[in-house]
Amino acid sequence: MGLRQFVIDAWSWLNYKPVMADAGRPGSRAFPELAKTWVPRHELRRLAAYKVLASYDNNQAGQLAAAGGDASALERRELGDAANLVDTALGYLLGSEQKVAVEGAVHADDETPGAAEAAAVQDRLRRWADKELLTYRVQQAERAAVLLGDSVLVLAWNPQKQRPTLRVYDAGFFFPQWDDEDEDFPSRVHLAWELPADDDAGLKARVRRVTYELGPISEQGKPGDDGHAAGGRQYPWEPGRTSNMTCYLTDAEWLLEDLKNGETLDRLPMDKASFRVRPDGTELNRLDLMIDFVPVVHIANTIPDGGEHWGRSILARVLQALDELAATDSDSSAASATTGTPIIGLAGARLPVDRATGRPQELQVKAGAVWQLGETGRMDALDTSPQLAELRARVDHLLERIAANSRVTAAGLGTLEATEVPSGYALKLALGPLDALIGMMRLAREHKYRLLFKMVQRLYQAGRAEGWTAGETLPARLAWAPHTPTDRAAVLEEVVKAYGAGVLSLETAVAMLLEAGYPIKDASQEVERIRAKVEQEAAVPMAEAAARRGREEDDEDQEDDDGSGSARGRKPVGKVSEREPVEAGR
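The model shown is predicted, which means the values in this text are computed figures rather than measured ones.

What follows is about the overall build of the protein. Summing up its helical and strand segments, the protein has 13 helices and 16 strands in all. Out of the 586 residues in the protein, the part that is buried amounts to 38%. Expressed as a percentage of contacts within the protein between residues at least 6 apart in sequence, the contacts between residues at least 24 apart total 65%. Of the roughly 34,300 Å² that the protein leaves accessible, carbon and sulfur atoms contribute 50%.

Next up, the structure:
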C-alpha cells in the first residue's frame, strides 16, 4: 500500500478529503471535467478546491463524499451552516453601503488646490457606479471571494454606451500567466471555460478562451498622428511620456475533438482557432485595445502568503468542523426518532392475529393503542433522551468552535445570548476577533479597488469620453460603512466638542458622522449646507441690529424736525419728573 502524498500549498487544508488525496489528479473521480486535456496540470488543485467549497455552499458535501467512495454520506443532513457562515461574513465585510471616494473631494469648498477637480471626478465615478450597478457587482464578486477565496472583475470599453462596463467572472475561469514570480500583476491573462455540445443547434463541445496580453506595439503611427509618435504611443494619463506597450485582446474557440494531449490552455493551436467577431465586424484576433494595462482585477479574500497569489476561503479553517456538525445533526435526527417513537419490548402480550394469514400482526406505537398483557406480562421502553440531549449539546459546542476558529465569533453569528453580555464594553471585546477579521479582509481588497477605479478613469480617457481630459489619474477607493453598530450619540458628542474646541475641521467632523452611520448622502454637500445655514443664522441678528439702528436714527431725525428735544437736557414729552408733582387741572 503506497503512502499518501504529503502536500503543503494554498489548498492543503483540503488534503483530508478523498477527492483531494491525489495531488497529481485531484478530483478525477468526482470532477471528470477536470480531466480535460486543455486544463493546465498545475491548476487542477485550485479548480478542485473551488468545486469542493461550492458543494458545501449548496448542501452537497454529502454527495461529494459519496462520489469519493463514502456511500453512507448520502444520508448526511446539511442544514445550511456553511452558507450561513459565508453570508454572515459577507454582510460584515460589505457593511450597510459602499461609496466611491476620491481623495481631496471633501475639501472642494475651501479652495484647496485640486479639490474641485477631485470632487468632479468623484461625481463622475459615482454616476458610472450607478449606471454599472457597482453595488450589485461588488456583492456578486465578494460572495464568490468569501466562499472560494478568489473572484475576478473584468472591465471593457463599450463604444455604444460610451462608458466602461464591469462584469464578474467565476474564479475557475481565471488563468493568469506570470512571466516572473516577483511581478505584482500578470502580463497575460486567460479567461477560459468549456461550452457543452448542442445537438439541436449542431454545435460540438468546444472550449472558449479570452486572452488579454501586454506586448510591444506592432504598428507605429506617424509623428503627431492622434497621440502616436514614432517609436511609441503617448497615453492620455501619462502626457509627455512615450510608451511602446499595449494590451491585445484575443477571443477564440476550439473544438475539443481537435485538441491533442499536451495542447493545454496556453498552448492551444492557433491554426485551429475560430475567432469571434464584434458587432462592427472586427475580428478579435490580437485586437489593440489602445491601453497599456490588463483590464482584469483579481480579488483575494485574504492577504496571500509570500510567493502565493490566491486567497483563502472563510470556510478553510473550519471545514472539518462543518463535517462534524453535519454528522452530529444526522445522529441527532436518528436519536430524536427513537425518542419520539421509542423502541418497546413486550413480554406476555397477546398479539392480534391476521385472519387472512393466521400470523401475529406487528404492533405499532401510536396514540390510543391498547395491548393486552398476561399476568406476568410487562413492557419496557428504550429511553434515548439522554443521548439526544448529549448530541444537542455537542451541536452547540461545535457551533461555538466554528464561530471562534472562523473569527466571526458567537456574537457575530447571533448565537450569543443577550443575558451573557453584561455591558457594551464586554460586547465590544467579544467582537474583537470579528473586527480584526473584517479589517484584514478589507485591507486585502483596498489596493484592488483602487486599481479598479484607476482603470475606469483610464478607459474613459482612452475612449475620449466627454468631460474626461488628459492628465494624471486621481486616486479613488471604495469606502465601506462600519461593519458593526456604533454608539452614534458618543460619536456626536465627541465631534461637537472637538469641532467647538477648534481641533477638528468641519470636513473631518462631517466625515466622522458619516462613518458613524448618520444619513449623510454626500459629505461635501453637507458641509456646504452647514456653512450656508451658519451664514444665514449669523445674518439674522445683523439685520435686526441694522433695523434697530435705522429706527433710532429715524426717531432722532423726526424729533429734530419737530423742534422738540433739540435742546440738551430738555425733558421728553409725555414724561413727568418724580420731583415735580403735577397740579390737578394743569
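Before going further, it helps to examine unusual backbone geometry. The residue Asn-59 is not glycine, and still its phi comes out positive at about 55°. Structurally, Asn-59 can be placed in the loop between helix H1 (44–57) and helix H2 (61–67).

Because side chains alternate across strand S4 (residues 174–177), one face comprises the buried residues Phe-174 and Pro-176, and the other comprises Phe-175 and Gln-177, equally buried. Direction of pairing for S4 relative to strand S5 (residues 188–195): antiparallel, over a ladder of four bridges. The partner of Phe-175 across the bridge, within S5, is His-190.

Of all hydrophobic cores here, the largest spans 112 residues; its most connected members are Trp-38, Trp-128, Leu-134, Tyr-212, Leu-315 and Tyr-449. Top contributing element to this core by residue count: helix H10 (residues 432–462), with 12 residues. Dropping the residues within four chain positions of it, Leu-134 is found in contact with Val-100, Trp-128, Ala-129, Leu-166, Phe-453 and Leu-478. In terms of nonpolar packing, the next biggest core, distinct from the first, is built from 10 residues, Ala-509, Ala-516, Ile-520 and Val-527 among them.

Further remarks concern the packing of helix H6 (residues 319–340) against helix H7 (residues 385–406). At a minimum axis distance of 9 Å, the contact between H6 and H7 shows a crossing angle of 160°. The angle between the axes of H6 and H7 places the two elements in the roughly antiparallel class. The element H6 and its partner H7 pack so that their crossing is left-handed. Across the interface between the two elements, Ala-321, Leu-322, Glu-324, Leu-325, Thr-328, Asp-329, Asp-331, Ser-332, Ala-335, Ser-336 and Thr-339 of H6 pack against Ser-385, Leu-388, Leu-391, Arg-392, Arg-394, Val-395, Leu-398, Leu-399 and Ile-402 of H7.

All right, on to a negative patch on the surface then. Side chains of Asp-396, Glu-400, Glu-417 and Glu-420 sit close together on the surface and give a patch of like negative charge. The exposure class assigned to Glu-417 is partly exposed, which follows from its relative accessible area of 48%.

We now examine the sheet that holds strand S2 (residues 150–158). In spatial order, the strands read S3-S2-S13; together these three strands make up an open sheet with antiparallel pairing. Each end of this open sheet is capped by a strand with a single partner; those strands are strand S3 (163–169) and strand S13 (296–300). On average, each strand axis in the sheet is inclined to that of its neighbour by 25°, with strand direction left out of account. Relative to S3, S2 runs antiparallel, the two sharing seven bridges. Bridge pairing links Val-152 to Tyr-169 in S3. Sheet strands in contact with H10 are S2, S3 and S13, and its direction is about 165° off that of S13.

Conventions used here
Residues numbered from 1 in each chain as written. Predicted model: local features only at pLDDT ≥ 70, side-chain atom pairs only at ≥ 80, totals over all residues. Heavy atoms only, no water. Helix = DSSP H or I, 4+ residues; strand = E, 2+ residues; numbered from the N terminus. Buried < 20%, exposed > 50% of the residue type's maximum accessible area, 1.4 Å probe, protein only. Contact = heavy atoms within 4.5 Å. Areas by Shrake-Rupley, 256 points an atom, 1.4 Å probe, with all protein chains shown as cover. Pairing = 2+ DSSP bridges. Core = buried A, V, L, I, M, F, W, Y, C linked by side-chain atoms within 4.5 Å. Axes fitted to C-alpha atoms, helices over the stretch in contact; angles between N-to-C directions. Parallel < 35°, antiparallel > 145°, perpendicular 65-115°, else oblique. Left-handed = near helix turned anticlockwise from the far one by under 90°. Patch = residues over 30% accessible without salt bridge, like charges linked within 9 Å, V, L, I, M, F, W, Y side chains within 5 Å. Salt bridge = Lys/Arg side-chain N within 4 Å of Asp/Glu carboxyl O. Lys, Arg positive; Asp, Glu negative; His and termini not counted. Charge placed at Lys NZ, Arg CZ, Asp CG, Glu CD.

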